[in-house]
Structure formats: C-alpha cells, structure tokens
Amino acid sequence: MLEPSAARILGRFGAGMAHVLRSSPENLEHLKSARLELETALVRKAAARAQPQDVARLEAAIRAMRDAGSGLAFLRADMQFHRESAGLSGNPRYPVLLEAILDWLSEFHIVQVHVSGLEALPVAEHESIVRAVKRADPDAAAEAVRIHLTRANELYRLHSRGK
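Right, let's walk through the structure included here. (Residues numbered from 1 in each chain as written. Predicted model: local features only at pLDDT ≥ 70, side-chain atom pairs only at ≥ 80, totals over all residues. Heavy atoms only, no water.)

Here we take up the overall build of the protein chain. Scanning the protein chain from N- to C-terminus turns up eight helices and zero strands. Start at the N end of the protein chain and walk to the C end: the helices and strands fall as α-α-α-α-α-α-α-α. The burial tally for the protein chain puts 39% of its 163 residues in the buried class. Of the contacts formed within the protein chain by residues at least 6 apart in sequence, a portion of 78% connects residues at least 24 apart. Accessible area of the protein chain: about 8900 Å², with a carbon and sulfur share of 57%. (Helix = DSSP H or I, 4+ residues; strand = E, 2+ residues; numbered from the N terminus. Buried < 20%, exposed > 50% of the residue type's maximum accessible area, 1.4 Å probe, protein only. Contact = heavy atoms within 4.5 Å. Areas by Shrake-Rupley, 256 points an atom, 1.4 Å probe, with all protein chains shown as cover.)

In this section: the packing of helix H4 (residues 52-68) against helix H5 (residues 71-87). With their axes 8 Å apart at the nearest point, H4 and H5 run at an angle of 170° to one another. Here H5 runs roughly antiparallel to H4, going by the angle between their axes. Residues Arg 57, Leu 58, Ala 61, Ile 62, Ala 64, Met 65 and Ala 68 of H4 pack against Ala 73, Phe 74, Ala 77, Asp 78, Phe 81, Glu 84 and Ser 85 of H5. The class makeup of the residues in the contact of H4 with H5 is 10 nonpolar, one polar and three charged. (Axes fitted to C-alpha atoms, helices over the stretch in contact; angles between N-to-C directions. Parallel < 35°, antiparallel > 145°, perpendicular 65-115°, else oblique. Nonpolar A, V, L, I, M, F, W, Y, C, P; charged D, E, K, R; others polar.)

Here we come to unusual backbone geometry. Even without being a glycine, Ala 136 presents a positive backbone phi close to 60°. Mapped onto the secondary structure, Ala 136 falls in the loop between helix H7 (120-134) and helix H8 (138-161).

The subject of this paragraph is the pattern of salt bridges. Going through the model one piece at a time under the given rule, you end up with 11 salt bridges. Here Glu 125 ties to Arg 151 by a salt bridge, and the two come within 2.7 Å at their closest N and O atoms. Placement of the pair is Glu 125 in helix H7 and Arg 151 in helix H8, with a sequence separation of 26 residues. Assigned by exposure class, Glu 125 and Arg 151 land together as buried. If you follow the salt bridges from partner to partner, you end up with Asp 54, Arg 57 and Glu 84 in one network. (Salt bridge = Lys/Arg side-chain N within 4 Å of Asp/Glu carboxyl O.)

With 22 residues, the main nonpolar core has Val 43, Leu 58, Phe 81, Ile 129, Val 130, Val 133 and Ala 141 as its most contacted residues. Looking at this core, the elements with two or more residues in it are helix H3 (25-49), H4, H5, H7 and H8. Sequence-distant contacts of Leu 58, that is, excluding residues within four places in its chain, are made with Phe 81, Glu 84, Ser 85, Leu 88, Val 130 and Val 133. Leu 28, Ala 86, Ile 101 and Leu 102 belong to the second-largest nonpolar core, a separate cluster that totals 13 residues. (Core = buried A, V, L, I, M, F, W, Y, C linked by side-chain atoms within 4.5 Å.)

What follows is the structure, given as structure tokens:
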C-alpha cells in the first residue's frame, strides 16, 4: 500500500479541478487570485529567511530560463523558478501546493501567457524578485511577485478576449 503524500492527494483533485475551472470564468480568476496571494506570502517568507545557497538556487533557475531560450523548455524553467521560490518558505507542503496550482492553471493559463520573443521580460521580473530576496526585503519581493503575476494575468485576459 502506498503511503499517502500531499502530492498524490492533490494529484487526485486534478480532473475535478479542471472541470471546476472550465465551468465558470470566475473559478479561474479565483484560482489565479489564490496563486497571487500564496506566492506573495511565500516570497515574503523567502526574503526573510533565504541563505546564500537559496539565492543561488533561484539564480540557477533564472540561468535555466535563459539557457532554454523559448518554448516548452522555457516554460518548464519558469515554473521551476516558482517552485524553488516556494521551497524557500521552509514549509515542504507549499511547493507541492504551488505545483498543483500551476498544473491546474497550465491548461488555461501558462502557455497562453508566454509570448515567443518576449522571454527577457519574465527573466527580468524574476531577477527583480531575486534582488529583493537577496536584500532580505520582504515588501519589495512581494511587490516584484505581484507585478510579475499581474502582468502574466493581464496577458492571459488579452489572449482570452482575442479568441
């Protein structure tokens, strides 16, 4: 018998969550709002407790984004940055929860907010987040995440209206 894990339990919600998200645009907006609130809270924790090796992992994730160039590899590296950031909170359940949210959003959101040729923008936004974490400035880190995710959400809205 498999031991229960947070990842397995959240994974079982996947199909149901996809149905919920498809059933109403409001549900998708609520999930994006929850992600924004979660990630801003987590980056505050990260900025308050990050050690040099933690910052190095975030910087490595940014390098992976640059090395990926574009496409699916870029998106995977982008999401890895967010998972690394969540991991700096000190609570091992947050990266699992964020991973589930990112998976749920991926069908509706992630590919659509990536605009080929503009990869430098999320890289620069992630660099801004890392600078704030490195300075141990929770407010600046949270603001950098808010700007980053709000910009991504607006691109999603523009894409959705264009359909």
